[in-house]
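For reference, the chains in residue letters:
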Amino acid sequence: MAKHVSLCLLLTTTPFRWLLQNTEDMTERKTSSTNYRNQSFLEEKCSLNELLDLVSKRWFSDVLFCIQEGNNRFKLIKDDLKYISDTILSDRLKLLERYSLITRIDYDEIPPKVEYSLTDKGDELAALLEKMCEFSDTLMAEVLTRRVS
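Quick look at the structure, then. (Residues numbered from 1 in each chain as written. Predicted model: local features only at pLDDT ≥ 70, side-chain atom pairs only at ≥ 80, totals over all residues. Heavy atoms only, no water.)

**Here's the deal with the overall build of the chain**
Step number 1: Scanning the chain from terminus to terminus reveals eight helices and two strands.
Step number 2: Order of helices (α) and strands (β) in the chain, N terminus to C terminus: α-α-α-α-α-α-α-β-β-α.
Step number 3: For the chain, with 149 residues in total, the buried portion stands at 31%.
Step number 4: Restricting the contact set of the chain to residue pairs at least 6 apart, pairs at least 24 apart contribute 58%.
Step number 5: Of the roughly 10,000 Å² of accessible surface on the chain, a fraction of 54% belongs to carbon and sulfur atoms. (Helix = DSSP H or I, 4+ residues; strand = E, 2+ residues; numbered from the N terminus. Buried < 20%, exposed > 50% of the residue type's maximum accessible area, 1.4 Å probe, protein only. Contact = heavy atoms within 4.5 Å. Areas by Shrake-Rupley, 256 points an atom, 1.4 Å probe, with all protein chains shown as cover.)

Shown next as structure tokens:
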């Protein structure tokens, strides 16, 4: 329950609903689809659903953790996540920045230099996701043990 409260506090301190409604994703979403209506219903029911939708995007948490580990340049992140495409990495960096989870620092140099760092909210989300990873590891180990026996 405490973890859920922490996530909900995070969601109430940042206008996630507005950000999601005003976020341009890589593809336009068909607003008349059942999937869209279901997602909208769930998001209205609890803001946690909005956050879960965000962090469940492929590579989202990996990019966040990469920056947390000190890979603060596009190439360093790309090298660490060798299968991510440039387009997806760029999109995830823009999402992280749009949600104020990272800051982007542009240096006035030639060639251009850009560095990324986590904001306080980015650090907070990374810590919550790390706890979820620990929980997931434990849960999946238990499930696997039950399947084998």
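Let us keep going from here.
**Some thoughts on the packing of helix H5 (residues 60-68) against helix H8 (residues 120-148)**
Step number 1: In contact at an axis separation of 10 Å, H5 and H8 are set at 115° when each is read in the N-to-C sense. Seen along the crossing, H5 lies across H8 with a hand that is left-handed. Within the contact between the two elements, H5 uses Phe60, Ser61, Leu64, Phe65 and Gln68 and H8 uses Gly122, Leu125, Ala126, Leu129, Glu130 and Cys133.
Step number 2: Among the residues making up the contact of H5 with H8, the classes are represented as seven nonpolar, three polar and one charged. (Axes fitted to C-alpha atoms, helices over the stretch in contact; angles between N-to-C directions. Left-handed = near helix turned anticlockwise from the far one by under 90°. Nonpolar A, V, L, I, M, F, W, Y, C, P; charged D, E, K, R; others polar.)

**Describing unusual backbone geometry**
Step number 1: Cis geometry is found at the peptide bond from isoleucine 110 to proline 111, where omega equals 0°.
Step number 2: Relative to the helices and strands, proline 111 is located in the loop between strand S1 (102-107) and strand S2 (113-118).
Step number 3: Even without glycine at this site, serine 100 takes up a positive phi of about 60°.
Step number 4: You can see serine 100 is positioned in the loop between helix H7 (86-98) and S1.
Step number 5: Note on serine 100: relative accessible area 42%, which makes it partly exposed.

**Focus on the pairing of S1**
Step number 1: The pairing of S1 with S2 spans six bridges and is antiparallel. Across the sheet, the residue bridging to isoleucine 105 is glutamate 115, located in S2.
Step number 2: Hairpin geometry of S1 and S2 is characterised by an intervening segment of five residues between the two adjacent antiparallel strands. (Pairing = 2+ DSSP bridges.)

**A look at a nonpolar patch on the surface**
Step number 1: Where nonpolar side chains cluster on the molecular surface, the patch consists of Phe135, Leu139 and Met140 and spans about 290 Å² of accessible area.
Step number 2: Inspection of the secondary structure puts leucine 139 in helix H8.
Step number 3: Residue classification places leucine 139 among the partly exposed residues on the basis of a relative accessible area of 32%. (Patch = residues over 30% accessible without salt bridge, like charges linked within 9 Å, V, L, I, M, F, W, Y side chains within 5 Å. Salt bridge = Lys/Arg side-chain N within 4 Å of Asp/Glu carboxyl O.)

**Considering the nonpolar core**
Nonpolar side chains in soluble globular proteins generally cluster together in the buried interior.
Step number 1: By size, the foremost hydrophobic cluster in this structure holds 25 residues, and its most contacted members are Phe60, Val63, Ile67, Leu93, Leu96 and Leu125.
Step number 2: Elements with a minimum of two residues in this core: helix H4 (47-55), H5, H7, S2 and H8.
Step number 3: The leading source of residues in this core is H5, at six residues.
Step number 4: Leucine 96 has contacts with Phe60, Val63, Leu64, Ile67, Leu101 and Ile102, leaving out every residue within four places of it along the chain. (Core = buried A, V, L, I, M, F, W, Y, C linked by side-chain atoms within 4.5 Å.)

**Describing the environment of leucine 81**
Step number 1: Relative to the helices and strands, leucine 81 is located in the loop between helix H6 (74-80) and H7.
Step number 2: Note: C-alpha distance between leucine 81 and tryptophan 59 (22 residues apart in sequence) is 8.7 Å.
Step number 3: The residues contacting leucine 81, other than those within four sequence positions of it, are Trp59, Asp62, Val63 and Cys66.

Nothing here speaks to function; it is all geometry.
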